[in-house]
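Here is how the chains run, residue by residue.
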Amino acid sequence: MTKLTGWARVRRWGKRMLLGLLALLVLLVAAGAIYEALGRKNAAANYPPPGKLVDVGGRKMHIDCRGTGSPTVVFESGLGTGGTIDWTLVHDEIAGFTRACAYDRAGIMWSDAKDTPQRAGAVADDLHALLKGAGITGPLVLVGHSIGGPYTRTYVGKYGEQVAGLVMVDASHPDQVARLGKAVKVDAHPGQAGWIMHTATALSWTGIVRFAMANAGQGKLPKDAAARMAAYASTSVHGATSELDGFDATMDDARAVRSFGNRPLIVLTAMAPFKPEELKGLSLKASDGARFKQEWKVLNAEQAALSTRGRQQIVPDAGHYIQIDRPEVVIAAVREVVDEVRADTQAAAKK
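Before going into details, it helps to say that this report is about the structure given with it. Keep in mind the model is a prediction, meaning the values are calculated, not measured. (Residues numbered from 1 in each chain as written. Predicted model: local features only at pLDDT ≥ 70, side-chain atom pairs only at ≥ 80, totals over all residues. Heavy atoms only, no water.)

### So, the pairing of strand β5 (residues 140-145)
Step number 1: In terms of burial, β5 is largely enclosed, as six of its six residues are buried.
Step number 2: Along β5, one buried face is formed by L140, L142 and G144 and the opposite face, lined by V141, V143 and H145, is buried too.
Step number 3: The pairing of strand β3 (residues 72-76) with β5 spans five bridges and is classified as parallel. By the bridge assignment, V73 is partnered in β5 with V141.
Step number 4: Bridging between β5 and strand β6 (residues 163-169) involves six bridges; their strand directions are parallel. Its bridge partner lying in β6, V141 is registered against G165.
Step number 5: Note on the crossover from β5 through helix α4 (residues 148-159) to β6: the handedness is right-handed. (Buried < 20%, exposed > 50% of the residue type's maximum accessible area, 1.4 Å probe, protein only. Helix = DSSP H or I, 4+ residues; strand = E, 2+ residues; numbered from the N terminus. Pairing = 2+ DSSP bridges. Right-handed = clockwise from strand over helix to strand, strands pointing away.)

Written out as structure tokens, the structure is:
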């Protein structure tokens, strides 16, 4: 038998190593898919929806209402996978003085996904159908965080007869990308993260997203709340990606609403300085970060001016998630607006 030359042996072992690596990759992917399938099964068993599922025309959306009284507070979360979980630290406290409802938008947490594009107008239509299906007619106090600001702003434009007051929690401004970019020469468009979100969505079936979220740490959220969010992250990423894709259309929808009339409105503005890692992520110097914050303050002030009864409240020691960093500030702002709405209702009844 002819002996193999040195080069032939190298090629033979190279092929074997390549086949071995390929087999290992296949095994890892298969194990990841099984891990993900089991994770979804366990999530459904261990973390059922705390509220109720309401049919909104062939698909179901989750809404969690607590407490009693009028007006009804409706929380609108920011862009991401948290949904109702984002309001964990304020939900029960606010439910102590009026009915408070958190809900999950399409494809987030316990709400079914949808095939149609997601933008503020569609979010408003979904919320209107959800509230109708849940038997909630108003008056409403809308509390919108981050992109939840443009969503609530658009809701006022479409279904304003239901809305009696608003609280905006470090809410996005329709012109923020251009204005912030001009102030500090930075690309402030969240679409920069689009490739990450789309990659995570495409690979969600492999268990990578679930594994990453399970090991990401819980931050300031209670352990159980963080576990719930992580349990559904691999499905929620689909809904979050759809909203990110619709970001520009969302801002167009919100920009068309130019006034909140005389509704009571409080705009909470987070002004804690950027942390070093945040500055690094934005490729900003500390001086640029300070200018960014000042322009953000101006943008928020403009939103407070949408109502003749609007006011801005600076929160100097909170980051973007004020409801997590300083929940008592959000609770107090909602209580103030609820009290004003009740006073308006009593005054109208006496006429």
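### Let's talk about the pattern of salt bridges
Any two side chains of opposite charge can pair, on the condition that their charged atoms come close.
Step number 1: Under the definition given, this model contains 20 salt bridges.
Step number 2: We note a salt bridge from R105 to E243, for which the minimum N-O separation is 2.7 Å. Here E243 lies in helix α9 (residues 233-245) and R105 lies in the loop between β4 (100-103) and α3 (120-133), a separation of 138 residues in the sequence. For the residue pair R105 and E243, the accessibility class agrees, reading buried in each case.
Step number 3: One salt bridge in this structure joins R228 and D224, with 3.0 Å as the shortest N-O distance. You can see R228 and its partner D224 sitting in helix α8 (residues 223-231), four residues apart, about one turn around the helix.
Step number 4: Residues joined in a network through salt bridges with shared partners are R59, K114 and D126. (Salt bridge = Lys/Arg side-chain N within 4 Å of Asp/Glu carboxyl O.)

### Some words on the side chain of Q176
Step number 1: Looking at where Q176 falls in the secondary structure, it is placed in helix α5 (residues 176-184).
Step number 2: When sequence neighbours within four positions are dropped, the list of residues in contact with Q176 reads G181, F247, M251, W296 and L299. (Contact = heavy atoms within 4.5 Å.)

### Topic: the state of the cysteines
Step number 1: All chains considered together, the criterion is met by one disulfide.
Step number 2: Two residues, C65 and C101, share a disulfide whose sulfurs are 2.1 Å apart. Taking the sign of the S-S torsion, 115° for the link of C65 and C101, the bridge is right-handed. One end of the pair, C65, is in strand β2 (residues 60-66); the other, C101, is in strand β4, with 36 residues separating them in the sequence.
Step number 3: For C65, a relative accessible area of 35% translates into the label partly exposed.
Step number 4: For C101, a relative accessible area of 0% puts it in the buried group. (Disulfide = S-S within 2.5 Å.)

### What about the side chain of R263?
Step number 1: The topology assignment puts R263 in the loop between α10 (247-255) and β7 (265-270).
Step number 2: No salt bridge is formed by the buried R263. Its closest oppositely charged neighbour is E161, at 7.0 Å.
Step number 3: Within the structure, R263 has its side chain in polar contact with the backbone oxygen of G160 (distance 2.9 Å).
Step number 4: Filtering out sequence-adjacent residues up to four positions away, R263 remains in contact with V156, G160, V163, A164, G165, L166, S307 and R309. (Lys, Arg positive; Asp, Glu negative; His and termini not counted. Polar contact = N/O pair within 3.5 Å; in protein donor to acceptor, adjacent residues only side chain to side chain.)

### Side note on unusual backbone geometry
Step number 1: Following S70, the chain continues into P71 via a peptide bond in cis, with omega recorded as 5°.
Step number 2: In this fold, P71 is placed in the loop between β2 and β3.
Step number 3: The residue after G138, namely P139, is reached through a cis peptide bond having omega 0°.
Step number 4: Structurally, the position occupied by P139 is in the loop between α3 and β5.
Step number 5: Within the chain, S146 stands out as a residue other than glycine whose phi angle is a positive 55°.
Step number 6: As for its placement among the helices and strands, S146 is situated in the loop between β5 and α4.
Step number 7: Phi at D170 is positive, roughly 45°, even though this residue is not glycine.
Step number 8: With respect to the helices, strands and loops of the structure, D170 is situated in the loop between β6 and α5.
Step number 9: Here D170 falls in the buried class, since its relative accessible area comes to 3%.

### Observations regarding the pairing of β7
Step number 1: Of all the six residues making up β7, six are buried; the element is thus mostly covered by neighbouring parts of the structure.
Step number 2: Burial along β7 is two-sided: L265, V267 and T269 and I266, L268 and A270, pointing in opposite directions, are all buried.
Step number 3: Relative to β7, β6 is paired through four bridges, and the arrangement is parallel. Pairing of L166 across the sheet is with L265, part of β7.
Step number 4: As paired elements, β7 and strand β8 (residues 310-315) share six bridges and run parallel to each other. If you follow A270 over to β8, its bridge partner there is V315.

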